[in-house]
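Reading the structure
So you can see what is in the structure, the chains are spelled out below.
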Amino acid sequence: MLRSTLAQQGTPVYSVAWGPDSEKVLYTAGKQLIIKPLQPNAKVSQWKAHDGIILKVDWNSVNDLILSAGEDCKYKVWDSYGRLLYNSQPHEHPITSVAWAPDGEIFAVGSFNTLRLCDKTGWSYALEKPNTGSIFNIAWSIDGTQIAGACGNGHVVFAHVVEQRWEWKNFQVTLTKRRTMQVRNVLNDAVDLLEFRDRVIKASLNYAHLVVSTSLQCYVFSTKNWNTPLIFDLKEGTVSLILQAERHFLLVDGGGIYLYSYEGRFISSPKFPGMRTDILNAQTVSLSNDTIAIKDKADEKIIFLFEASTGKPLGDGKSLSHKNEILEIALDQKGLTNDRKVAFIDKNRDLYITSVKRFGKEEQIIKLGTMVHTLAWCDSCNILCGLQDTRFTVWYYPNTVYVDRDILPKTLYEKDASEYSKNPHIVSFVGNQVTIRRADGSLVHISISPYPAILQEYVSSSKWEDAVRLCRFVKEQTMWACLAAMALANRDMTTAEIAYAAIGEIDKVQYINSIKDLPSKESKMAHILMFSGNIQEAEIVLLQAGLVYQAIQININLYNWERALELAVKYKTHVDTVLAYRQKFLETFGKHETNKRYLQYAEGLEIDWEKINAKIEMEITKERERSSSKSIGLKH
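Residues numbered from 1 in each chain as written. Predicted model: local features only at pLDDT ≥ 70, side-chain atom pairs only at ≥ 80, totals over all residues. Heavy atoms only, no water.

The protein goes by Intraflagellar transport protein 80 homolog in an unreviewed UniProt entry, where it is assigned to Dipodomys ordii. Per its UniProt entry, the protein bears the Subcellular location (unreviewed entry) comment "Cell projection, Cilium". (UniProt positions renumbered as here; feature names shortened; annotations may be inferred.)

See below:
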């Protein structure tokens, strides 16, 4: 029984496909592609896609990309807005079929006596010439390992995806047959053959482990020993994604998300409302030693954060929310859990970074760069790299944005990336080696300086003298700038002073010197927070320590007059001090008081600078005595 007519065309509709959210339908009309939303009165998208009649379309739910094939002998890849991402060379015959693999990483193309396997970015992995006539339809198996093609000569052609490759450091793993892998160690040319009982569906090689899922089991190999894998049975056969961290790995299948240790022990299974595991991929899930981050598909502005060990939501259970839709997420891999950061790219191609720990206070989401197409964290230290417009950029110490944003440009390494052509993608960032796949499928390797990673190691072990020695040896601005930010983040003011002096930030050196001379620990802490731009936090530190005058004084120094008076009135102290400084400030600029609150409190109040200075002196003496009595108490 017909429910409704979606659209009526004057030309035949040769192909139709559902959109990823099942709220839109894509169909063909001659040379045009049309996206029709199911809601009434919603805007219909339509564009000319081919120079001949379009014979076949497909729309993938994981990567949201559209495939089209036409009588102009070309196949094309589009995004859901109708922007062309890839345009093939003309073939000898019309393209009669296209189909995405379920995970959206590869697709198959059928033509007359032709079957082609392509990457999602368009370039071709393999070309077969079966003697079958035109292949009119292609269907993938649910696990994405096999395809079946309906042929013009009345046959059905079957094909298996083989020869996939995985690389990590000096190891190269190739799937030679459906149930056989070959491991080559390029250092000594040693070759191992790995045989499996069932066909291989997914594999991942990283952090000295190879994880392989077959249709029934999961195998975990250590790169130190290929002969004795750890094997455990899978709940559901079709694993669609494997992600690895140093301590554990993540499996995603149709039933859920499962975290296992490399010993094969089940750790946790995070869940959230409306979870759809079939549409998760490496861009929308990220794993580190202590955290799992998952982008929500229902509301793409939200990232869910989970504790790896328990699978429970992190912190106070709040998810991370951004103002725009998020495209790609990545967690840093090293350091303490409390310092864990997540970097993400949003719809406008802006790169942001924020802290994963969220207790009550709203964490800042800070912009790191614009026009970023792809990103990756280093596996052995917290260095971030990305392809930014026509530049390859490395953020040697992304934490700088929280400490001293002014010196962030000095902590970057940039090189021209125009040689990588259009739409390159970062495949991996292992040690100091970045691997980039160009639009034509070729791999390019870039080596970055090993010194920032060594510097981070020294700092994490509090070897400040070694860190300074390293910077003096390397003699690079970027190293000194990274050290300055690291020292400030770890409250080591002596090293910070040396590093800031080396990059010529004299005003900051003077400020650090003035911090060193402050009488109490709380005052020092507050001024370090002010240095990083956290003025509210600095004020809270002083008020909690009972240093009300110092809290008022920092507001006066920042010309934050309203707040200074508010504190003075609230704590019933130093109202005359605030009024005196305000009067002095106005006299300097030859202006009169217009603020009603200040006029109200100034009525009948004599300003006596001698008295005020004596009071200030008394406050400073009191603070000195307090800190010295504290240190004496500690010695006892």
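Time to look at the sheet that holds strand β29 (residues 291–295). Read from one edge of the open sheet, 4 strands run β28-β29-β30-β31, paired in antiparallel fashion. The open sheet has two edge strands, β28 (285–287) and β31 (320–321), and neither has a second partner. Across 2 bridges, strand β30 (residues 302–307) lies against β31 in antiparallel orientation. Within β31, the residue paired with Ile 302 across the bridge is Ser 321. (Pairing = 2+ DSSP bridges. Helix = DSSP H or I, 4+ residues; strand = E, 2+ residues; numbered from the N terminus.)

The next thing to look at is the packing of helix α6 (residues 506–516) against helix α7 (residues 521–531). Where α6 contacts α7, the axes come no closer than 9 Å and their chain directions differ by 160°. Considering their axes alone, α6 and α7 lie roughly antiparallel with respect to each other. In terms of crossing hand, the pair formed by α6 and α7 is right-handed. Judged by residue contacts, Lys 508, Tyr 511, Ile 512, Ile 515 and Lys 516 of α6 engage Lys 524, His 527, Ile 528, Met 530 and Phe 531 from α7. Classifying every residue of the contact of α6 with α7 gives 6 nonpolar, 1 polar and 3 charged. (Axes fitted to C-alpha atoms, helices over the stretch in contact; angles between N-to-C directions. Parallel < 35°, antiparallel > 145°, perpendicular 65-115°, else oblique. Left-handed = near helix turned anticlockwise from the far one by under 90°. Contact = heavy atoms within 4.5 Å. Nonpolar A, V, L, I, M, F, W, Y, C, P; charged D, E, K, R; others polar.)

Next up on the list: the sheet that holds strand β39 (residues 412–416). Taken together, 4 strands build an open sheet; the order of strands is β36-β37-β38-β39 and the sheet is antiparallel. Of all strands in the sheet, those bounded by a partner on one side alone are β36 (372–377) and β39. Averaged over all adjacent pairs, the angle separating strand axes in this sheet is 15°, with direction ignored. In terms of strand pairing, strand β38 (residues 391–395) meets β39 through 5 bridges, oriented antiparallel. Following the sheet pairing, Val 394 is matched in β39 by Tyr 413.

Moving on, we come to the environment of Lys 521. Relative to the elements of secondary structure, Lys 521 occurs in helix α7. As for Lys 521 and Gln 89, which are separated by 432 residues in sequence, their C-alpha atoms are 69 Å apart.

Let's shift gears to the domain arrangement of the protein. Domain annotation of the protein identifies domain 1 (16–160) and domain 2 (518–630). Inter-centroid distance (C-alpha atoms) of domain 1 to domain 2 is 69 Å. (Domains from an automatic or database assignment.)

A contiguous nonpolar surface patch, about 300 Å² in accessible area, is contributed by Leu 6, Trp 18 and Leu 38. Secondary-structure assignment places Leu 6 in the segment before β1 (16–18). The exposure class assigned to Leu 6 is partly exposed, which follows from its relative accessible area of 37%. (Patch = residues over 30% accessible without salt bridge, like charges linked within 9 Å, V, L, I, M, F, W, Y side chains within 5 Å. Areas by Shrake-Rupley, 256 points an atom, 1.4 Å probe, with all protein chains shown as cover. Salt bridge = Lys/Arg side-chain N within 4 Å of Asp/Glu carboxyl O. Buried < 20%, exposed > 50% of the residue type's maximum accessible area, 1.4 Å probe, protein only.)

Membership of the largest hydrophobic core comes to 49 residues, with the highest contact counts inside it found for Phe 392, Val 434, Leu 455, Leu 483 and Tyr 500. Per element, the largest residue contribution to this core is 10 residues, and it comes from helix α4 (residues 477–489). Grouped together as the second largest cluster of nonpolar side chains are 22 residues, Leu 547, Ala 551, Ile 552 and Ile 554 included. (Core = buried A, V, L, I, M, F, W, Y, C linked by side-chain atoms within 4.5 Å.)

This part takes up the UniProt feature "repeat: WD" (unreviewed entry) in the protein. Mapped onto the present numbering, the UniProt feature "repeat: WD" (unreviewed entry) falls on residues 47–79. Its end C-alpha atoms 12 Å apart, residues 47–79 is made of 0% helix and 52% strand.

Time to look at the pairing of strand β7 (residues 75–78). Going residue by residue along β7, you find Tyr 75 and Val 77 tucked away on one face and Lys 76 and Trp 78 tucked away on the opposite face as well. Note that strand β6 (residues 66–70) and β7 share 4 bridges and pair antiparallel. Along β7, the bridge assignment pairs Ser 68 with Lys 76. Hairpin remark: β6 followed by β7, antiparallel, with 4 residues in the connecting loop; positive phi at Cys 73, about 70°.

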